[in-house]
Amino acid sequence: MISMALKMLFGDPAKYYGLVFGVTFATLLMAQQTSIFIGLMARTASAIFAVNEADIWVMDQRVRYVEEIEPLRDVELSNVRSVPGVQWAVPFYKGLTTMRMPDGLTQQVQLIGIDDVSLVGMCPKVLMGDPLELKKPQTAMIDKNGFLFTWPNQPLQLGKYIEINDHRLKVDSICEVAPTFLTFPILYVSYNTAREILPPQRNQMSIVLVKAKKGESLQALKKRITNKTGLQALTQNEFAWRSINYILERTGIPINFGITIFLGILIGAAITAQTFYIFVVENLKQFAVMKAVGVTNRQLLKMVLTQAAVVGATGYGLGIGFTALFFKVTANSPALKGFVLLWQVMAGTAATIAVIILFSILFSLRKVFKLDPAIVFRG
Amino acid sequence: METAIAIRHLDKDFPVDTKNVRVLFDINLQICMGELTMLVGPSGCGKTTLISILSGILSLTNGDVEVLGQSLKAMKDTQRVLFRRANIGFIFQQYNLLPALSSAENAAIPLLCAGVPRTEAIECATNILNNIGMRGQTEKLPHQLSGGQQQRIAIARALVHNPKIIVCDEPTAALDAKTGTAVMEILREIANDKNRTVIIVTHDNRVYHFADRILEMSDGRIIGDWNTDEFIHKE
Ligand SMILES: Nc1ncnc2c1ncn2[C@@H]1O[C@H](COP(=O)(O)OP(=O)(O)OP(=O)(O)O)[C@@H](O)[C@H]1O
Ligand SMILES: [Mg+2]
C-alpha cells in the first residue's frame, strides 16, 4: 500500500514539485529569518559576553541596554570597592566616538576603555601584536573587520595610526570580536587613554566591573552594592537578557521578523494545503476505485499520510539545505557574520512544517473519508 | 443450484434536494452460482443502482439483500468494505485503473489491501494476466495499453482475490466488437465455475448470447426474467 501511495505521488511530477516547493519555501523563510533574528539578538549580547573576568556589572539604574550607557561619577568606583565581598572592581568605558579615516572622512567607532592595570574586559581573541602594549599611552587595538573597513584592500598589519578628536593613536594589536549589534569598527584602548582622547566631561566611567570574593553569593553581593551605591548591579546573564528584552520591546525588529516568519508560515501553508487538496481532489476517482475494491479508510489514511510525510521531508530537507547554504555563502560577509543555523531552529521549523502539513491534509482527508465509492460506476 | 444473491422487497431512495426520490421499487430476485446473468434496460432505469447495492457499494433503503448468506442491510461502512474485499470482483466501463501503477500492480490491489505480501500478490496477478492474454504486458502502465488490454487488467483485478461474485457495468461498451467478444469469452469462462456467479449490466445486444439469464428492467422495476434464447427471439 505504501509503495502504491508513493507511485501515485511521483506519478504526477508537476504536482509533486509544486507540493515540495511550498514546503521548501516555508522552511527556508522560517529557518532563515529565525536564524537571523536569533543572530541579531546574540549580537546584542555579544559585547557583554566578551567580558568574562567579571561577575557583576555595576551601572546607572537607567541603563537598559548595553549600547546606551549612562555615565557614572568616578567616585562610584571606590564606593563599589568598599562593599564587603568585592574582590576587585575596575572601571570600564564603552561608547561611540568619531574617528577620522585616512581619506579624511569621519566614521563612528565603538570605543572600549579597559582598566590600565588589569586589562579586564580585553578582547578575548587577539590576532596580531601584544595586548600588553595597550598599557602604553596612545595605543589602540582594532578589530579585524574594523581594520579591513578602515584600510580596505590592505593586509592586516601593525603600526598604523588613527585619529580621534585630534589624538593620534598607534594601532599596536589586532583582535577578532564576535559580531556586535552595531557594526562600527571596535577600538580597545586603556581606560586612561580613553579619558584623554574623549572630550572633557565630568563623568566618563560607563560601568564598574566587579569580581566577587570566593564563595560569595552573587545575588547577596548585588544587593549590597545597590544598597551602598544606589546603582544597578547585574550578572553577565542578567545584563545580556536585559539588553535583549530592551531590543525586543523597544524596536521594530521583532515585529518585522515576526511578520516575515508569519508570512512564510502562511504562504507555505497556503501553497501546501491548496496543492495537496488539488492533488487529492484530482485523484478522488482513484481513491474511490480503491475504496470500491476493498481499501479501507484506515488504509487510505496511511497512504495520504505517507504521501504527506514524503512531501514534508523532501521540502523540509531542501529548505534547510538552502538555508544552510545561504549562511555558508554569507559566512564571511560582515553584515551576516556569526549567523548560524541552530539545531533548535531546525527542530522548531520541523515542528511547524509538520503542523502545516497535517493542517493541509485535514481538509483533503475529510474529502477522502466522505467519498462515496459509488462514483466509480459513473463516467 | 446454490443461491448466491437473494433480494427481497428492495427499495432504493436517493435524496434529491430536500426530497427522497425512489429509483428502485420492490425488487425481488434470486441469483444462483455458476450463472452469467445480464441486466438490461433503458438508460436511467436503475441497473447501476441495483448492482451497486448488491455489491455492497451503496446502502439500501427498504427490504434486504442477502449475498452469500450475509445480510447487507445491517452492515456498517467498514464492514461493507471488508465484505467487498472478500467477496466481490468489479469490472467497470471506464476500467478505472490507477495510472501510476503497472498492469500487475493494478491487478494486485485487492490482494495488497488484504495484506498479502507484495511479491506474492504481484505473482498471483501476473498469472491471471498471463491466462487472459496479457503475457508480456504486465510491467506496462495503463496508458501504454489498448482499451481491450486495459479491460483485461480490470478483469484480472476482479479475479485476483478469487471472489465468488463478479459484477460488471457495461464491460464491453468502450470496446470494439472483436475485443468486446474476447472479453465476454473470458467472463463466460469465469461464470462456468460452479462456485461463482457473474452479473453483467449491458446495452450491447451483440453479447446477449453469452448470458444464461437476462433480467429486463424499466423505471426501477424488473419487468422481465428471460432465458437467453427467449429474449433474443423476442428482440
Ligand atoms: N447519487 C444519486 N443521486 C440521485 N439520483 C441518482 C443517483 N444515482 C442515480 N440516480 C438516479 O437513479 C436512476 C437510476 O440510475 P442508474 O445509474 O442506476 O441508471 P442505469 O440504468 O445504470 O442507467 P445507464 O444505462 O445510463 O447507466 C436515474 O434516474 C438516476 O438519475
Ligand atoms: Mg449505469
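Residues numbered from 1 in each chain as written. Chains lettered and ligands numbered in written order. Predicted model: local features only at pLDDT ≥ 70, side-chain atom pairs only at ≥ 80, totals over all residues. Heavy atoms only, no water.

Visitor: Quick question: what am I supposed to make of the interface of chain A and chain B here?
Guide: One frequent convention defines the size of an interface as the accessible area lost when the parts assemble. At the interface, 24 residues of chain A touch 25 residues of chain B. When chain A packs against chain B, close to 2,200 Å² is buried across both sides, 69% of that on carbon and sulfur atoms. In this structure, the connection of chain A to chain B is made through one salt bridge. When the shortest N-O distance is used, the salt bridge between Lys7(A) and Glu105(B) registers 2.1 Å. For the pair chain A and chain B, the number of links is eight residue pairs in polar contact (both at pLDDT 80 or more). For the side of chain A that touches chain B, the leading source of residues is helix α9 (residues 284-292) of chain A, giving six residues. (Contact = heavy atoms within 4.5 Å. Buried area = accessible area lost by both parts, 1.4 Å probe. Salt bridge = Lys/Arg side-chain N within 4 Å of Asp/Glu carboxyl O. Polar contact = N/O pair within 3.5 Å; in protein donor to acceptor, adjacent residues only side chain to side chain. Helix = DSSP H or I, 4+ residues; strand = E, 2+ residues; numbered from the N terminus.)

Visitor: Quick question: what am I supposed to make of the state of the cysteines here?
Guide: One way to say it: the disulfide is the covalent bond shared by the sulfur atoms of two cysteines. By the definition in use, this model includes zero disulfides over all chains. For Cys175(A), which is in no disulfide, the shortest distance to another cysteine sulfur is to Cys123(A) and amounts to 3.2 Å. Here Cys45(B) is not disulfide-linked; the sulfur of Cys168(B) is the nearest cysteine sulfur, at 17 Å. By relative accessible area, which is 3% here, Cys45(B) ends up buried. (Disulfide = S-S within 2.5 Å. Buried < 20%, exposed > 50% of the residue type's maximum accessible area, 1.4 Å probe, protein only.)

Visitor: What should I look at first to understand the packing of helix α10 (residues 297-329) of chain A against helix α11 (residues 343-370) of chain A in this one?
Guide: Residue and element names in this part refer to chain A. Interhelical geometry of α10 versus α11 gives an angle of 145° and a closest axis separation of 9 Å. The two elements α10 and α11 meet at a crossing, and its hand is right-handed. For the pair formed by α10 and α11, the contact residues are Asn297, Leu300, Leu301, Val304, Leu305, Ala308, Gly312, Tyr316 and Ile320 on the first element and Met346, Ala347, Thr349, Ala350, Ile353, Ile357, Leu358, Ile361, Leu365, Val368 and Phe369 on the second. Per-class residue counts for the contact of α10 with α11 are 17 nonpolar, three polar and no charged. (Axes fitted to C-alpha atoms, helices over the stretch in contact; angles between N-to-C directions. Left-handed = near helix turned anticlockwise from the far one by under 90°. Nonpolar A, V, L, I, M, F, W, Y, C, P; charged D, E, K, R; others polar.)

Visitor: Quick question: what am I supposed to make of the pattern of salt bridges here?
Guide: Counted according to the given criterion, the structure contains 24 salt bridges over all chains. In this structure, the salt-bridge partner of Glu238(A) is Lys222(A), at a minimum N-O distance of 2.7 Å. You can see Glu238(A) sitting in helix α7 (residues 236-250) and its partner Lys222(A) sitting in helix α6 (residues 218-229), a full 16 residues away along the chain. By relative accessible area, which is 27% here, Glu238(A) ends up partly exposed. For Lys222(A), a relative accessible area of 10% gives the class buried. The structure contains a network of salt bridges with shared partners spanning Lys7(A), Glu105(B) and Arg118(B).

Visitor: Before we go on, may I ask you to explain the site of ligand 1 in this structure?
Guide: Neighbouring residues of ligand 1: Arg378(A), Phe14(B), Val16(B), Val23(B), Ser43(B), Gly44(B), Cys45(B), Gly46(B), Lys47(B), Thr48(B), Thr49(B) and His203(B). Near ligand 1, the surrounding residues belong to chains A and B. Residue Cys45(B) places a main-chain N or O atom 3.3 Å away from an oxygen atom belonging to ligand 1. Within the contact set of ligand 1, an oxygen atom lies 2.6 Å away from a side-chain nitrogen or oxygen of Thr48(B). Taken by itself ligand 1 offers 630 Å² of open surface, and the protein chains cover 65% of this. Elements represented by at least two residues in the shell around ligand 1 include exactly β1 (3-16) and α1 (47-54) of chain B. Counted by class, the shell around ligand 1 contains four nonpolar, six polar and two charged residues. (Near = heavy atom within 4 Å. Areas by Shrake-Rupley, 256 points an atom, 1.4 Å probe, with all protein chains shown as cover.)

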